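Survey of secondary and tertiary structure
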Amino acid sequence: QKEVEQNSGPLSVPEGAIASLNCTYSDRGSQSFFWYRQYSGKSPELIMFIYSNGDKEDGRFTAQLNKASQYVSLLIRDSQPSDSATYLCAVNGGDSWGKLQFGAGTQVVVTP
Amino acid sequence: SAVISQKPSRDICQRGTSLTIQCQVDSQVTMMFWYRQQPGQSLTLIATANQGSEATYESGFVIDKFPISRPNLTFSTLTVSNMSPEDSSIYLCSVEPHERESYNEQFFGPGTRLTVL
């Protein structure tokens, strides 16, 4: 059974600080990696995707990928109360090409 | 990205009945998917809705329980049949827009919140 693992949290982050979210995956053949943000009662919203090893920055978000370690992370800089949500890591490729396999999600709470 | 709508947004149903959920996209897409998100859980893929052919179901999901139609490239339906309280979930459709297919990026509809009594 291929797995995507995340810490469930909640991750409590002071406003203005950096939130660091981690995700590991078991399928070494995985090729693309996604971070979704899900507010309570809403559907997931794609915020970042990454395919190559290294860092990818988009505004206050940075995704980091290390395929050798089978590890992908998301950094949220200058965290705002509006960043309070559940962040889902999703992996595509390997045995499940064309399909997304989701982690359980990490709940982030940004405190003023 | 594509604009995706789902109907109904929520429903409360009786045990043993069936509910059909509609997913409409504002542009043609090749890939459409149906997911389930049980209370407090992450997303689980039910099936890939294939245009012009039978849906491809994931392990643990069968056509008799979750029949899917995909009559064209902008529309799909998921039916939850013979419902039980265990079917209470949020049901989500997702699409891969044509211009993002090579990246396998999926975008989700607003979801249908189903409660079975």
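Quick look at the structure, then.

**Observations regarding the environment of Val29 of chain B**
All names here are of chain B. Relative to the elements of secondary structure, Val29 occurs in strand S4 (residues 29–37). Spatially, the C-alpha atoms of Val29 and Leu73 are 5.4 Å apart, while their sequence positions differ by 44 residues. For Val29, the residues in contact, after removing those within four places along its chain, are Arg70, Leu73, Val95, Glu96, Pro97 and His98.

**A closer look at the side chain of Ser76 of chain B**
Residues and elements named next belong to chain B. Mapped onto the elements of the fold, Ser76 is located in strand S8 (residues 75–80). Here the side chain of Ser76 touches Trp34 through a polar contact of 3.0 Å, side chain to side chain. A distance of 2.8 Å separates a polar side-chain atom of Ser76 from the backbone oxygen of Ser69. Those residues in contact with Ser76 that sit more than four places away from it in its chain are Ile21, Gln22, Cys23, Met32, Trp34, Ala49, Ile68, Ser69 and Arg70.

**So, the state of the cysteines**
All names here are of chain A. Summed over the entire model, instances satisfying the criterion amount to two disulfides over all chains. Here Cys23 engages in a disulfide with Cys89; their sulfurs sit 2.0 Å apart. Handedness of the Cys23-Cys89 disulfide follows from its S-S torsion of about -70°: it is left-handed. In this pair, Cys23 sits in strand S3 (residues 19–25) while Cys89 sits in strand S9 (residues 85–93), placing the two residues 66 residues apart along the sequence. Grouping residues by exposure puts Cys23 and Cys89 together as buried.

Cut-offs and rules
- Residues numbered from 1 in each chain as written.
- Chains lettered and ligands numbered in written order.
- Predicted model: local features only at pLDDT ≥ 70, side-chain atom pairs only at ≥ 80, totals over all residues.
- Heavy atoms only, no water.
- Helix = DSSP H or I, 4+ residues; strand = E, 2+ residues; numbered from the N terminus.
- Contact = heavy atoms within 4.5 Å.
- Polar contact = N/O pair within 3.5 Å; in protein donor to acceptor, adjacent residues only side chain to side chain.
- Disulfide = S-S within 2.5 Å.
- Buried < 20%, exposed > 50% of the residue type's maximum accessible area, 1.4 Å probe, protein only.

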